[in-house]
Amino acid sequence: MHEVPHGEILEELKGLGARKVLIQSPEGLRREAEELARFLEENGLTVILHGEVNYGACDPADEDAKKLGCDALIHLGHSYMRLNLEVPTIFVPAFAKVDVVPALKRNLSEIRKLGKRIALVTTAQHIHRLGEARDFLEKNGFEVVIGRGDSRVSWPGQVLGCNFSSAKVEADGVLFIGSGLFHPLGVAIATKKPTLAVNPYSGDATWMNAEAERLIRKRWAQIAKAMDAKSFGVVVSTKKGQLRLAEAEKVIKLLREHGREARLIAMDRISYPELEGFSFEAYVVVACPRVPIDDSENWRKPVLTPREVELLLGLKEEYEFDEIRGAERRWDEPLGVAVHGPKAGL
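Residues numbered from 1 in each chain as written. Predicted model: local features only at pLDDT ≥ 70, side-chain atom pairs only at ≥ 80, totals over all residues. Heavy atoms only, no water.

A. Spatial organisation of the packing of aromatic side chains. A complete count under the given rule lists 9 aromatic pairs for this structure. A ring pair is formed by Tyr272 and Trp299, whose centres lie 5.3 Å apart and whose planes are at 40°; its orientation type is tilted. Of this pair, Tyr272 sits in the loop between strand S13 (261–267) and strand S14 (282–286) while Trp299 sits in the loop between helix H10 (290–294) and strand S15 (303–304), and the two are 27 residues apart along the sequence. Owing to a relative accessible area of 6%, Trp299 belongs among the buried residues under this scheme. In this structure an aromatic cluster arises from ring pairing among Tyr272, Phe278, Phe280, Tyr283 and Trp299. The ring centre of Phe182 lies 4.1 Å from the NZ or CZ of Arg290, which sits over that ring. (Phe/Tyr/Trp six-rings, centres within 6.5 Å; stacked < 30°, edge-to-face > 60°. Helix = DSSP H or I, 4+ residues; strand = E, 2+ residues; numbered from the N terminus. Buried < 20%, exposed > 50% of the residue type's maximum accessible area, 1.4 Å probe, protein only. Lys NZ or Arg CZ within 6 Å of the ring centre and 35° of its normal.)

Structural data, given as structure tokens:
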């Protein structure tokens, strides 16, 4: 279960003067969305639940909220991302109700293998526990570094599936706290440092560098499959937080300069079956990097990231993870803004 601050959300909605709201949630927070809807309706608001799959803060349903006549959007499960939205949007990061320290205690001997100076990172679900984790590690002799990251992240130490800027600090190794492999895999590839992932739910610890090497080998196989391709579909997402039109145009220019045909394709939700009718021999996805990496086995044709195109064309030699970077953050500004619109708060 996750913490969702019903009372604070209601106060924000009152401040916005909202009477009708849309609640957007990832699949893992559907029950919490129902509970929040029930609470808001008991307090006089009209609530609609958004049923589409949500891919993160980069994928707000603000345009749907506007079409449905809603005064505001509640975006559950993800931290604030600076976007130009159609309606006031409350970003509500759902904090996990789990103590991270027991898992750190259990894996202290493994953590020591990272070295004395370690970078500490996590996802939005556990960011509220990062201070406790830092204090525990410092009491056990570590020098802990928590990077601030760029403007795409809300808090120091936070990593996204597309942005690992907070992990790129001077350290011997990186400790990731959280579940799942994609985030720590990205950390290991982006930082090229020893990376240990500690799961606070299971208590397990996993070294990510061997996993990262396996992933990179798979990605080189995709690049090799695309080597003889003469035509490329360059797919850009129309999702507001994934729209990388300038990057897509750069990829098209590079491919054409190297004698390949390239055409721009725009989609909302990117999936290979919807592209089957095209004759392109390979694809480049210029959107969330998880699409070509997580779903590559579902694509009948080779699918690359923009960084992999540079490897394909011989412009680079060392593998790089495709990140969506933000601007350099002004750290005199408040962190973790939860409302995007005429009023800031939470």
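Read on for the rest.
B. How the structure looks around the environment of Val21. Within the fold, Val21 resides in strand S2 (residues 20–24). Given a relative accessible area of 0%, Val21 falls into the buried group. For the pair formed by Val21 and Thr46, sequence separation is 25 residues and the distance between their alpha carbons is 6.3 Å.

C. Here's a closer look at the side chain of Asp150. For Asp150, the position within the fold is in the loop between strand S8 (143–145) and strand S9 (173–177). Look at Asp150: it is buried, it has no salt bridge, and the nearest opposite charge is Arg325 at 6.2 Å. A distance of 3.1 Å separates a polar atom in the side chain of Asp150 from a polar atom in the side chain of Asn163. (Lys, Arg positive; Asp, Glu negative; His and termini not counted. Salt bridge = Lys/Arg side-chain N within 4 Å of Asp/Glu carboxyl O. Polar contact = N/O pair within 3.5 Å; in protein donor to acceptor, adjacent residues only side chain to side chain.)

D. Representation of unusual backbone geometry. Unusually for a residue other than glycine, Lys192 sits at a positive phi of about 55°. If you trace the backbone, Lys192 turns up in the loop between helix H7 (182–191) and strand S10 (195–198).

E. Looking closely at the pattern of salt bridges. Counted under the stated rule, the structure contains 24 salt bridges. Taking the shortest distance from any N to any O, the salt bridge between Arg129 and Glu132 comes out at 3.2 Å. When the shortest N-O distance is used, the salt bridge between Glu276 and Arg300 registers 3.2 Å. Residue Glu276 is located in the loop between S13 and S14, and its partner Arg300 is located in the loop between H10 and S15; the two are separated by 24 residues in the primary sequence. In this structure Glu276 comes out as partly exposed when scored by relative accessible area, which is 36%. Each of the salt bridges in this network shares a partner with another, and the network as a whole consists of Arg244, Glu247, Arg307, Glu310, Lys316, Glu320 and Asp322.

F. Highlighting H7. When you tally the buried positions in H7, you get 10 out of 10 residues, the bulk of the element. Among all positions of H7, only Phe182, His183, Pro184, Leu185, Gly186, Val187, Ala188, Ile189, Ala190 and Thr191 are buried. Contacts from the buried residues of H7 go to strand S7 (117–122), S9, S10, helix H8 (209–225) and H10. At the exit of H7 stands Lys192, carrying a positive phi of roughly 55°. (Contact = heavy atoms within 4.5 Å.)

G. Representation of the sheet that holds strand S11 (residues 205–207). If you walk across this open sheet you meet the 5 strands as S8-S7-S9-S10-S11, and the pairing is mixed. Only two strands of the sheet have a single partner each, and these edge strands are S8 and S11. Here the average twist between neighbouring strands, direction ignored, is 30°. By the bridge criterion, 4 bridges tie S9 to S10 in an arrangement that is parallel. If you follow Val174 over to S10, its bridge partner there is Thr195. (Pairing = 2+ DSSP bridges. Axes fitted to C-alpha atoms, helices over the stretch in contact; angles between N-to-C directions.)

H. Fine view of the environment of Arg152. Along the chain, Arg152 falls in the loop between S8 and S9. As for Arg152 and Ser165, which are separated by 13 residues in sequence, their C-alpha atoms are 9.0 Å apart. With residues up to four places along the chain from it excluded, the contact list for Arg152 reads Cys58, Met81, Leu160, Cys162, Asn163, Gly241, Ile324 and Gly326. Polar contacts involving the side chain of Arg152 include one to the main-chain carbonyl oxygen of Gly241, which spans 2.6 Å.

Nothing here speaks to function; it is geometry throughout.
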